[in-house]
Each structure stands twice: as C-alpha cells, then as structure tokens.
Amino acid sequence: MGTRGHDLARFQFDGRYGVQASGLNPSIHSYRYTDLTSDKLPDSPSKVAGLLDSSVVVQPSNQSQPDTSVHWRAAVSESLLYTGIMHTFNIWTEPGTRDALLGPWLKNYLDSVSELRGWSDSDRFMAPYVGHTLEGSIFGYIERQNDPRYRKVQWGDGREYYMSLLHSLAYSAVWHTQWKIGPASEASIGNVMLHASPGFITLTDTPVLGTVEMIGEDAADRYLIMGLENRTTNGYLIALTRTFLNPGRSFANVMAFKLPWHRENRIGLNVDEHRIRKELIAEYKAGGEKPFEYIRPAVPEIEREYPKEADIELTAFPVYETFLGGGNCVGGGGSGASRLNPNFQLVAEVNGCLIMHMPAANQSGDSLFYGAGLRWTPLAAHHISPYMQVMFGGRKVTHETDDIPLRTQLLAEWNDGNGTLPHYPKRSDWSVEVSNNGPALGMGGGFDIVLTRAFAWRLLDVERYHTWMGDVAMIQPQNSLRITTGAVLRIGTW
C-alpha cells in the first residue's frame, strides 16, 4: 500500500484488498501490500523510508496464530434464521401448509417423508432451477462467512478457493436435506409433501447448482462489480450492483445482520469511506493506479508435486435419455469417482429426468437412476482423457395421473377451512401414482477435456442401459440410450 509520503494509516489487511479499521489516511492510493517482518528490516532508517515509499507495510514477526475454526454457533444460527424465513413464507402463502399445522405431528411427518416419489417434483422451471439454486448458494455463503480460513477467498485464488467451495457444497447439502425432510423441514412443519409431489431433484440440484451459483457470483464480483467500483463513486449504484449481482451473498449477509452489499475485502459505503473512494477514483482517472485490483496470492517457494490424475472427481451434468420403446427423458444428475490407480476409478451416480410428451396434460412421468460401477481411464494424465465404464444399480419409474376437476371440486369443498371437507386436499385424494423399481445395468463411455488442474469438461458421454422391469403405464423403460455432458471438479491435482 503506497503512502506517497504520508504517515501510515491504521489498516487491517486481507492479503490483497484493504478493509478499513480506523483512522484511515485519506491519501491512500492503492490496496496492494508486501508483507515484511521485523527481522527483514534494513539497518538504515533511510532504507526503511525508501521501502515504505515502495508500497511496503511493516508487520511484527510475533503475530498471534490466526483463527482457523469454523464459527459453528453463528453459522447454525444464521441457517436457522434463513430456514425460519422460508417456513414463514410457506405458512403465509400456502393454505395446505397452514391447515396441516393442526394435525398429528409425528404421523403426518412420517407420512410426508414417505411421499418422496421419483426424480421430478412437478414444479415449474423457476422453483427447482432458480429458487433452489439461490437457496443452495445462500447456505454456501453462510458457511463461508463463518469460516475464517476461507472468508475472504476470491475467484482466482486456486486451491484455497476450491477448498472453500467443497466446504460450502457439503454444508449446503446438509442444510437443504434438513429443509426438505429434517426435523425442522417442509415435511415436519406443514407437511408440504402431502399436498405437493415431492422428488429427489431438489436434494441433488440445490447444493450442486448452488455451488455453481457461488462461482458465478464470485466471478461477477471480481470482474464486473470491482470494475464498476474502479470507475464510479456513486454509492447507490455500487450498493445496488453488489446486492443484485450477488443475491446469494447478499442474503447471507442479511442473515448475519450485515448490510446486503457488505464485502470483507473492500471498503464500504459510509460517509468516510465514500470520501476516500472519491479521492482514489479521482487519482485513478488522472493516471494513477486502480484503487481495487485483484492480486493472486503468492505461490509457496516449495510447492507440493500433485498428480495429473485426479484422486476424486465430482461431476454435474444434464441428461438426455431416449427409451428405445418410445419416449424421451430430460433432466440432470451428479456423480463422484474415487481413483483406485492411474487406470481405474470407483464411480457412484444419481440422475433423473422428466419424461416428455406425455399423451395428456394431466399425466406426468419421471425416471430415477442410482448406482455404482467401475471406470477405466487409460489416459487419465493427458489433456484429452477417454474412458469406458460399467454401472449397476436400480431404476425407479413413476407415472402419475391427476384428476384436475376433482382437485378443483375438493378445494371448493374445503373452502379455506370453512367448507364441508375437514382438511386441505392431499395429493393422493386427486392423483393416482403408478411406480416400479428394477435393477439396471449400463455400459458406455466418453471423454474429458482437461481445462485446468481443477476443472475438466466431460464433452460427451454415451451409455446403453437395460432395466429389468415391466411397463409402467405407457412408459417402456426396459432399454434406453443416455447422452450427457457436464463439468468435472478434479480434486487432488491442486
């Protein structure tokens, strides 16, 4: 951080950006710094002054050990607060949820959990792919902001950033599972699943797509929001941009009783900080340095040798499956692979899809596959890595027919609790479900293109499946061809 001949201000650093503590000197022009401990100081005071003019901050060598423990109490409190807000919204907007609050709790809770059906939950696009994605990112940011090790990570930080994503992914998965079927869940409070058609799609896509959302928000913060902050001092514009281009982070901030546009790694928007921001921007426009600029963390002098073959691979992918007896299925899934040796991996996978082009609007169907297998990767250390695999598991196919006129009639008879029907209509009152489970075997392969140590793109995967089951209504799932493509997070290579 250059002082330009001024006294050093009291300043708290995150490693690349400055965060105001107190007594900030208004003549600060940059947020970059070099760590120099007292045992590296030169003999002459004049040399020290020269170093300060060269953007060096002196720090004592006997610093206290940094806090590296997750603040679990705060994280859980913020997650419970967010869960309570979602429950409040459900109770406020859903008559069936309000009605079920008065029933026998344990019986309705167990009945609600048992209503988990196949892959689809019959929601439109916005709920599973937008609303749940945002929910997953909010839980992820709650974990990050309470983990001192990764609180200030940014897109581009390498291993530290990816480790942060893994922690957030795990935390988000636990809390979303709680939200769906846990003791303080949609299943236990209001028994939502007795009135809707619950599926496994949200248990899978919420944490996975939520993590993708976090990556997108972090990239937007670095490239778009920071770029704007280097060009304007308009506090309202900066606040709105920070808030709406980072919705998951903003909501997590509110759960911690912070302003939505709060940032750990950049100055805020209060009066004093606004005055500093104006001077920094003015000097930048006059030909000076950028006030906010990402600087990659220093690479250790002695760096561990990492293998090119990933020890663990986590994959998220869209699915297109065609049943050879007729019918197409569109959905998504995820898999995890653990390496046995350079040539073989153990693979576990869950995927599902919604069956398209049903003969009537009141009919729906879906397919859920779960299984494990062995993958052969003869060129796992290469830029282009082909593979073949065999998977064995089970498939559940569900067909549902809704009686829409009956549902309308039952809702009229309930009449918001004032009619002749004693309870809000359950889905089983007006919907008929037919489902079947059977063992499934799949064989096929594809190839990955390794983009970086951490990421690869599964450009194409084609597999042929056979399922030992009969027809499910008009669905013939015995033989199918599945095509996927997707993103691969490669762990153990960085």
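One can find the structure itself at the top, above this paragraph.
Everything numeric in this text was worked out from a predicted model, so none of it was measured.

Thresholds, definitions, all that
- Residues numbered from 1 in each chain as written.
- Predicted model: local features only at pLDDT ≥ 70, side-chain atom pairs only at ≥ 80, totals over all residues.
- Heavy atoms only, no water.
- Helix = DSSP H or I, 4+ residues; strand = E, 2+ residues; numbered from the N terminus.
- Phe/Tyr/Trp six-rings, centres within 6.5 Å; stacked < 30°, edge-to-face > 60°.
- Buried < 20%, exposed > 50% of the residue type's maximum accessible area, 1.4 Å probe, protein only.
- Polar contact = N/O pair within 3.5 Å; in protein donor to acceptor, adjacent residues only side chain to side chain.
- Pairing = 2+ DSSP bridges.
- Core = buried A, V, L, I, M, F, W, Y, C linked by side-chain atoms within 4.5 Å.
- Contact = heavy atoms within 4.5 Å.
- Patch = residues over 30% accessible without salt bridge, like charges linked within 9 Å, V, L, I, M, F, W, Y side chains within 5 Å.
- Areas by Shrake-Rupley, 256 points an atom, 1.4 Å probe, with all protein chains shown as cover.
- Salt bridge = Lys/Arg side-chain N within 4 Å of Asp/Glu carboxyl O.

Engineer: Provide a residue-level description of the environment of Ala 74, including the pertinent values.
Structural biologist: Note that Ala 74 resides in helix H2 (residues 72-93). Here the alpha-carbon distance between Ala 74 and Met 255, two residues 181 residues apart in the chain, equals 9.9 Å.

Engineer: Help me get a handle on the packing of aromatic side chains, residues and values and all.
Structural biologist: Counted according to the given criterion, the structure contains 12 aromatic pairs. Relative to Tyr 109, the ring of Trp 105 has its centre 5.3 Å away and its plane inclined at 25°; by these criteria the two rings are stacked. On the criterion of helical spacing, the pair formed by Trp 105 and Tyr 109 is a turn pair, its members being four residues apart in helix H4 (residues 105-114). Tyr 109 sits in the buried class, given a relative accessible area of 14%. For the ring pair Trp 414 and Tyr 424, a centre distance of 5.0 Å and an interplane angle of 85° mean the geometry is edge-to-face.

Engineer: Give me helix H11 (residues 404-414): which residues, what numbers.
Structural biologist: One side-chain oxygen at the N-terminal end of H11 lies 3.1 Å from the backbone nitrogen of Leu 406; it belongs to Asp 403. Downstream of H11 by a residue or two, Asn 415 has a phi angle that is positive, lying close to 55°.

Engineer: Run through unusual backbone geometry, naming residues and quoting values.
Structural biologist: You will see that Phe 257, though not glycine, has its phi angle at about 60°, which is positive. Among the secondary structure elements, Phe 257 is positioned in the loop between helix H9 (247-255) and helix H10 (271-285). For Phe 257, a relative accessible area of 74% translates into the label exposed. The backbone of Ala 473 sits at a positive phi, close to 55°, despite the residue not being glycine. Mapped onto the elements, Ala 473 comes out in the loop between strand E11 (455-467) and strand E12 (479-491).

Engineer: Any chance you could break down the pairing of strand E7 (residues 344-355) for me, citing the residues and the numbers?
Structural biologist: Here strand E6 (residues 328-341) pairs with E7 via 12 bridges, running antiparallel. Directly across from Ala 337, in E7, lies its bridge partner Val 347. Counting the residues that bridge the hairpin from E6 to E7 gives two residues. Pairing between E7 and strand E8 (residues 363-376): 11 bridges, direction antiparallel.

Engineer: Any details on the side chain of Lys 180? Residues and values, ideally.
Structural biologist: Within the fold, Lys 180 resides in helix H6 (residues 159-181). Judged by relative accessible area, which is 10%, Lys 180 ranks as buried.

Engineer: Run through the nonpolar core, naming residues and quoting values.
Structural biologist: By size, the foremost hydrophobic cluster in this structure holds 24 residues, and its most contacted members are Tyr 82, Phe 139, Ile 142, Tyr 162, Leu 166 and Trp 494. Taken together, the elements giving at least two residues each to this core come down to H2, helix H5 (126-145), H6, H9 and E12. Looking at which element gives the most residues to this core, the answer is H6, with eight residues. Filtering out sequence-adjacent residues up to four positions away, Phe 139 remains in contact with Ser 79, Tyr 82, Thr 83, Met 86, Tyr 171, Ser 172, Trp 175 and His 176. Counting residues in hydrophobic clusters, the runner-up holds nine residues, among them Cys 329, Cys 353, Ile 355 and Met 469.

Engineer: Tell me about helix H8 (residues 235-245), residues and numbers included.
Structural biologist: For H8, the set of buried residues is Ile 238, Ala 239, Thr 241, Arg 242 and Thr 243. Here the buried face of H8 lies against helix H7 (201-229), H9 and H10. The residue sitting at the N-terminus of H8 and contributing the capping side-chain oxygen is Asn 234; that oxygen lies 3.1 Å from the backbone nitrogen of Tyr 236.

Engineer: I'd like a rundown of a nonpolar patch on the surface, residues and numbers included.
Structural biologist: There is a patch of nonpolar side chains on the surface, built from Leu 340, Phe 344, Leu 346, Leu 374, Trp 376, Met 388, Val 390, Phe 392, Leu 441, Met 443 and Trp 468 and spanning about 1100 Å² of accessible area. Only E7, E8, strand E9 (384-402) and strand E10 (431-450) provide two or more residues apiece to the nonpolar patch. With respect to the secondary-structure elements, Leu 346 resides in strand E7. Among the residues examined, Leu 346 registers a relative accessible area of 45% and is labelled partly exposed.

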